[in-house]
Amino acid sequence: MQTIVIGHRNPDMDSICSAVAYAELKRKLGLTDVVAARAGNTNERIDLVLHKFGVTAPKFLSDVSPTVSDVMDTQVISLDHHSSICQAMDSIEKKRIRGLPVVDADNRCLGLLSGWMLSQYLFPGRQEAPHSREVFGSISDIAQSFDGQLIFGETDESQRKVILMVAAMSRASFGERLQKSQRQEVMVFVGDREDIQLDAIEANVLAVVITGGMDLSAKVRAAAKQSGVRLLSSRYDTATTVLLARGAAKIDSMIEPKFTSFSPETSLRSARHVAAASSEYVFPILDGDKHLVGILLKSDFIKPIPRRLILVDHNELGQAVKGAGELEIIEVLDHHRLASFNTDIPILFWNNPVGSTSTLVALSYDQHGMVIDRPIAGLLMAGLISDTLNLTSPTATPIDAKVLGNLSKIAGIEPAHLAESIFAVGSPLLTLRPKEVILADCKDYSEDGYGFSVSQIEELGFSHYYEKQDSLLDELEAYRSKQGNYFAALLITDVNTQNSLLLISAPAEFLDIITYPRLAPNLFELNNVVSRKKQLVPYLLDCLHKINASISPDS
């Protein structure tokens, strides 16, 4: 079972650093197959920190939705399209399913062979019964079907029509029946009746099968040698031998060429919907070149998904990596507001109003008595400094300050120096396109039936904002429209002055209810506001409540 530790979409420094550090703690505690992941791209500041402390960026996962590859059976038993019915029955018995995929020499799926098609052949209806004694196959295949031994003559691999004739009548009746047949197509099945054996050889039939493991006289052997008729023996009785011989027929004509298949990447939800509406019993899994790589049975849909999630720095599925709601979530570490979140079983859910999730991860190391390695201490410092603006944000707590001091000693670096290097690199307004600015650290919310988003970037001053304000507003409006949100906001924070600008795309009634100084139709000045979590989002929620109250019938 793989455990993925992952932050929110459009991850910030705290999200990335806490995921890496918490995954490392889980490994130290003995959990196997733990992966730190990210649901979005890093930025220059994050890359700087990762490089500075020699840590590889977490694995990028844009979607963790269960796929067919999570539950399909890769131990595929398939049939070559030249297989015999006997071989097909053996394979179906081993797999214990109602049918199997049939492939060509390049392992490309040609269709399906069902147990029903085999039963129709082996147990035909009354009208088809007279044709059941005809088999299209080789002498070699027929002999192999009943484990026959060649007594005289040569086996033949060529495919031909063979008429299976049982000598279960009087000698005279047998002779008459033989005269009416194409003797070169007839394979006679007979026990220890020497007269019938000799008559069949004299008629120059295709082959004579001696059933029941009976011995042959020298006279019969000599006659076969003289006429060139093949002699075979079977240890089974006549009825059983003939029944098995019919299994030598090839499956080619029984293949169903129309079938439903999936790729390994097909979402399990989509595959389940298709399979539920289908009467088919097995679904081949094909790669891009149509090679058979697995099979899926309807019973496979109830298999557990072999991975689970630990969410850090968020607790809202609307902010989580795509598909998170379809996996088991076993832990949540966060420091934001509580959203609607539920699980089927109790889990570890630690939500603490400190300044960063990195603080919580550091405290988790202490709780378990685990040593924090220097690179991890450096990452946790960076996450804490970034989220609290080096403890100057109103979200910072004495706990954050204490943790930062301890991490500083382990990492061997002063918080002020690390903060300076982080904020001096990679101005989002200079290094990112307007659309990327909006998505770099964007969180989606839902409240009172309204969807909205709030993005945030940190800058050293607002000098680069005004040259891009029109394009930034355009991108906010595009994102708002795409998501179907009530409004979309961008908070631009000056880490030096601890002031911010709020650019927002919203209906006029919402813009009018905002009480901060208005610098332009969609721009507001937010002095002493630096925290999205503790200052801006609560204020915007209050504005939403006022909008709701103003349109309520009881207002």
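Up top is the structure.
Residues numbered from 1 in each chain as written. Predicted model: local features only at pLDDT ≥ 70, side-chain atom pairs only at ≥ 80, totals over all residues. Heavy atoms only, no water.

## Observations regarding the packing of helix α12 (residues 374-388) against helix α13 (residues 398-411)
- Relative to each other, α12 and α13 sit at 145°, their axes nearing to 8 Å. Taken as a pair, α12 and α13 cross one another with a handedness that is left-handed. Residue-level contacts link Arg 374, Ala 377, Gly 378, Leu 380, Met 381, Leu 384 and Ile 385 of α12 to Asp 400, Val 403, Leu 404, Leu 407, Ser 408, Ile 410 and Ala 411 of α13.
- Across the contact of α12 with α13, the residue classes break down as 10 nonpolar, two polar and two charged. (Axes fitted to C-alpha atoms, helices over the stretch in contact; angles between N-to-C directions. Helix = DSSP H or I, 4+ residues; strand = E, 2+ residues; numbered from the N terminus. Left-handed = near helix turned anticlockwise from the far one by under 90°. Contact = heavy atoms within 4.5 Å. Nonpolar A, V, L, I, M, F, W, Y, C, P; charged D, E, K, R; others polar.)

## A few points about the environment of Ser 356
- Relative to the helices and strands, Ser 356 is located in the loop between β17 (348-351) and α11 (357-367).
- With relative accessibility at 0%, the residue Ser 356 sits in the buried group.
- Counting along the chain gives 24 residues from Ser 356 to Leu 380, while the straight-line C-alpha distance between them is 9.3 Å.
- With residues up to four places along the chain from it excluded, the contact list for Ser 356 reads Asp 14, His 335, Gly 383, Leu 384, Asp 387 and Asp 400. (Buried < 20%, exposed > 50% of the residue type's maximum accessible area, 1.4 Å probe, protein only.)

## Some thoughts on the packing of aromatic side chains
- If you walk through the whole model with that rule in mind, you get 10 aromatic pairs.
- Between the aromatic rings of Phe 262 and Phe 283, the centroid separation amounts to 5.6 Å while the plane-to-plane angle is 45°, which identifies the pairing as tilted. In this pair, Phe 262 is assigned in the loop between α9 (238-245) and α10 (268-276) and Phe 283 in strand β13 (residues 282-286), connecting sequence segments 21 residues apart. This pair shows no difference in class: Phe 262 is buried, exactly as Phe 283 is. (Phe/Tyr/Trp six-rings, centres within 6.5 Å; stacked < 30°, edge-to-face > 60°.)

## Focus on unusual backbone geometry
- The backbone phi angle of Asn 10 is positive, close to 50°, even though this residue is not glycine.
- Residue position: Asn 10 is located in the loop between β1 (2-6) and α1 (13-28).
- One non-glycine residue with positive phi stands out, namely Asn 528, at about 65°.
- Mapped onto the secondary structure, Asn 528 falls in the loop between β23 (523-526) and α19 (532-551).

## Digging into the sheet that holds strand β6 (residues 109-114)
- Ordered in space as β4-β5-β6, the three strands form an open sheet in which the pairing is mixed. This sheet does not close on itself; its edge strands, each paired only once, are β4 (79-80) and β6.
- Sheet topology places β4 next to strand β5 (residues 99-103); two bridges connect them, and they run parallel. Following the sheet pairing, Asp 80 is matched in β5 by Val 103. (Pairing = 2+ DSSP bridges.)

## What about the state of the cysteines?
- Throughout the structure, instances matching the rule amount to zero disulfides.
- Take Cys 543: it sits in no disulfide, and the sulfur closest to it among the cysteines is that of Cys 442, at 18 Å. (Disulfide = S-S within 2.5 Å.)

## Details of helix α14 (residues 415-423)
- Along α14, the positions that sit buried rather than exposed are Pro 415, Leu 418, Ala 419, Ile 422 and Phe 423. The buried residues of α14 occupy an angular sector of 120° when the element is viewed end-on, so they sit on one face. More than 90 degrees from the buried face of α14, the exposed residues found are His 417 and Glu 420.
- In this fold, the buried residues of α14 make contact with α1, α2 (44-52), α12, α13 and β19 (450-459). (Arc of directions from axis to C-beta.)

## Describing the sheet that holds strand β16 (residues 328-334)
- One open sheet accounts for six strands, arranged β3-β2-β1-β15-β16-β17; its pairing is parallel. Each edge of the open sheet carries a strand with a single partner, namely β3 (59-60) and β17.
- Across five bridges, strand β15 (residues 307-312) lies against β16 in parallel orientation. Across the sheet, residue Leu 309 finds its bridge partner in β16, namely Ile 329.
- Those strands touched by α1 are β1, β2 (34-38), β15 and β16, and its axis lies near 175° from that of β2.
- Against the sheet, α11 makes contact with β15, β16 and β17, and its axis sits at roughly 105° relative to β16, the strand it touches most.

## A short note on the side chain of Asp 334
- Looking at the secondary structure, you find Asp 334 in strand β16.
- No salt bridge forms around the buried Asp 334; measuring N to O, its nearest opposite-charge neighbour Lys 443 is 6.0 Å away.
- Reaching out from Asp 334, the side chain makes a polar contact with the side chain of His 336 at a distance of 2.7 Å.
- Aside from chain neighbours lying at most four places away, what touches Asp 334 is Asp 313, His 314, Asn 315, Trp 350, Asn 351, Asn 352, Thr 357 and Leu 360. (Lys, Arg positive; Asp, Glu negative; His and termini not counted. Salt bridge = Lys/Arg side-chain N within 4 Å of Asp/Glu carboxyl O. Polar contact = N/O pair within 3.5 Å; in protein donor to acceptor, adjacent residues only side chain to side chain.)

## Some words on the pairing of β23
- Strand direction decides the pairing type here: strand β21 (residues 499-505) and β23, joined by four bridges, are antiparallel. The residue of β23 that forms the bridge with Leu 502 is Phe 524.
- Across two bridges, strand β22 (residues 518-520) lies against β23 in antiparallel orientation. Within the sheet, the bridge partner assigned to Arg 518 lies in β23 and is Phe 524.

## Quick look at the environment of Leu 311
- Relative to the helices and strands, Leu 311 is located in strand β15.
- Here Leu 311 falls in the buried class, since its relative accessible area comes to 0%.
- Separated by 21 residues in the primary sequence, Leu 311 and Val 332 have C-alpha atoms spaced 4.8 Å apart.
- If we skip the residues at most four places from it in the chain, Leu 311 touches Ile 6, Ile 329, Glu 331, Val 332, Leu 333 and Phe 341.

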